[in-house]
Amino acid sequence: MPSSLTQADKPPARRSRRAEPPGGNGRTGHWWIPYLYILPAFLVYAAFMLYPLGRAVHLSLFDWDGLTLATFVGFGNYTDILSDARLRAAFGHALVFVFFYAILPVCLGLVLAAVLTRAKVHGLSVFRTIVFLPQVIAMVVVAVAWRQIYAPDGALNTLLRSIGLDALTRPWLGDYTFSLPAVGLIGTWVSTGLVTVLLLAGMARIPAEQFEAARLDGAGAVREFFSIILPSVRSEITVALTLTIVASLKTFDLIYVTTSGGPGSSTTVPSYEVYRRAFELGQVGSAAAVGVTLTVLIFAITAVVNRIGERTT
């Protein structure tokens, strides 16, 4: 007689793995595992970046000389930035340096890279090494060298005298009018090489067929530049502006070695004011407020530059 299995004798159906609850041993129960891989890097970032930044924000709310008990002043240190003429001038000088460190080098780098790309210069790798050299040299060494060039008996004044332009000689780093542009031109010399190398790399990706087609249509060098080269290197321009703007706003060693903020306060910048207030005047809270304000300014400007760069690419 054939035997038949009743409902109770049937083996239990195997559960589908998809039916497991979120808190079980399925994949959804271990959502936190990927975060373990980034946890070590985040801890290092928090220890060396987030904590010091938070500590600086905390100190900026106090009047403290670094030794005695601190006094809570709230946002008083930040209002002093608006009321202190020296601090307002320092932030103004930083924006002037943006022109010398970022805008001017990008313009020069565009022209220089376009000429080298169009002319197909032999030994281009050697030229790249030479123009990139200022990025390799320590800024302190650069500052000392240029301080000798700008000295009253330095190379620049000697050159002017040799060609009969004695009226233009002056103590460049001691002149209230020319000291800020003189220091700014050092930043231009340093940044131009970096910008040129970045733009040369971007222009190397442009297909040669585009230039050939443009020349067959009768386009000249200027038309090629604005129609082919400039649209193709917008992302490189954004990167170059971001790097050079950050460098211009946080420059310290160049100012410290060449002018120490002088003559008077004609070349002082926020980063130098942070050092001066914290270590010379004993105003740690005020120095922290200047540093936090400078950080916010750098973040805002770079965010705007990258936003514009994303829209144009």
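Only a predicted model underlies this, so the values are computations on that prediction, with no experimental measurement involved. (Residues numbered from 1 in each chain as written. Predicted model: local features only at pLDDT ≥ 70, side-chain atom pairs only at ≥ 80, totals over all residues. Heavy atoms only, no water.)

### A few points about the overall build of the chain
Move 1: Within the chain one finds 13 helices and two strands.
Move 2: Sorting the 313 residues of the chain into buried and exposed places 35% on the buried side.
Move 3: Partitioning the intrachain contacts of the chain with sequence separation of at least 6 by distance along the chain shows that 67% fall at a separation of at least 24.
Move 4: About 19,100 Å² of surface is accessible on the chain, with carbon and sulfur atoms providing 67% of the total. (Helix = DSSP H or I, 4+ residues; strand = E, 2+ residues; numbered from the N terminus. Buried < 20%, exposed > 50% of the residue type's maximum accessible area, 1.4 Å probe, protein only. Contact = heavy atoms within 4.5 Å. Areas by Shrake-Rupley, 256 points an atom, 1.4 Å probe, with all protein chains shown as cover.)

### Quick notes on the packing of helix α3 (residues 85–119) against helix α7 (residues 179–203)
Move 1: Interhelical geometry of α3 versus α7 gives an angle of 40 degrees and a closest axis separation of 6 Å. When the interaxial angle is binned, α3 and α7 end up oblique. The way α3 lies across α7 gives a crossing that is right-handed.
Move 2: Counted by class, the contact of α3 with α7 contains 21 nonpolar, nine polar and no charged residues. (Axes fitted to C-alpha atoms, helices over the stretch in contact; angles between N-to-C directions. Parallel < 35°, antiparallel > 145°, perpendicular 65-115°, else oblique. Left-handed = near helix turned anticlockwise from the far one by under 90°. Nonpolar A, V, L, I, M, F, W, Y, C, P; charged D, E, K, R; others polar.)

### Remarks on the side chain of S266
Move 1: Mapped onto the fold, S266 is located in the loop between α11 (253–258) and α12 (270–280).
Move 2: Exposure remark for S266: the relative accessible area of 13% places this residue in the buried category.
Move 3: Among the polar contacts made by the side chain of S266, one reaches the main-chain carbonyl oxygen of P263 at a distance of 2.8 Å.
Move 4: In this structure S266 touches H93, Y176, S179, L180 and G261, once residues within four positions along its chain are discounted. (Polar contact = N/O pair within 3.5 Å; in protein donor to acceptor, adjacent residues only side chain to side chain.)

### Concerning the layout of surface pockets
Once rolled over the atoms, a probe with the size of a water molecule shows which space is left empty.
Move 1: The computed volume of the largest pocket comes to approximately 400 Å³.
Move 2: Considering the residues around the largest pocket, the lining is formed by 17 residues, among which A56, V274, G291, V292 and T295 are closest to the centre.
Move 3: Among the secondary structure elements, those contributing two or more residues to the lining of the largest pocket are α1 (33–59), α12 and α13 (284–312).
Move 4: Looking at the lining of the largest pocket element by element, the count peaks at eight residues for α13.
Move 5: Taken together, the residues that form the lining of the largest pocket break down as 13 nonpolar, three polar and one charged.
Move 6: Empty space within the second largest pocket amounts to approximately 230 Å³.
Move 7: Every residue lining the second largest pocket is counted, 14 residues in all, and those nearest its centre are Y101, M139, A247, K250 and T251.
Move 8: Taken together, the elements giving at least two residues each to the lining of the second largest pocket come down to α7 and α10 (234–249).
Move 9: Sorting elements by how many residues they give to the lining of the second largest pocket places α10 first, with four residues. (1 Å grid on protein atoms, 1.4 Å probe; cavity = no way out; pocket = protein on both sides within 12 Å on 5 of 7 lines; lining within 4 Å. Points joined across faces, edges and corners; volume = space filled by probe spheres on them.)

### Here's the deal with the packing of aromatic side chains
Move 1: All chains considered together, the criterion is met by 16 aromatic pairs.
Move 2: With 6.1 Å between their ring centres and 45 degrees between their planes, Y272 and Y275 make a pair best called tilted. Here Y275 and Y272 lie together in helix α12, a separation of three residues that amounts to about one turn.
Move 3: For Y272, a relative accessible area of 4% translates into the label buried.
Move 4: Three or more aromatic residues joined by ring pairs make a cluster, and in this case those are F252, Y256, Y272, Y275 and F279. (Phe/Tyr/Trp six-rings, centres within 6.5 Å; stacked < 30°, edge-to-face > 60°.)

### Side note on helix α5 (residues 139–150)
Move 1: An ideal rise of 1.5 Å per residue puts 16 Å on 12 residues; α5 measures up with 16 Å between its terminal C-alpha atoms.
Move 2: Restricting attention to buried positions, one finds in α5 the residues V142, A143, W146 and Y150. Each buried residue of α5 lies within a common arc of 100 degrees when the element is viewed along its axis, so the set occupies one face.
Move 3: Residues of α5 that are buried make contact with α6 (155–162), α7 and α11. (Expected span 1.5 Å × (residues − 1). Arc of directions from axis to C-beta.)

### Topic: the confidence of the model for the chain
Move 1: Across the chain, the average pLDDT comes to 87, with 89% of residues at or above 70.
Move 2: With pLDDT under 50 throughout, residues 1–5 is counted as low confidence; its partners more than four residues away or in other chains account for zero contacts. (pLDDT = per-residue confidence, 0-100.)

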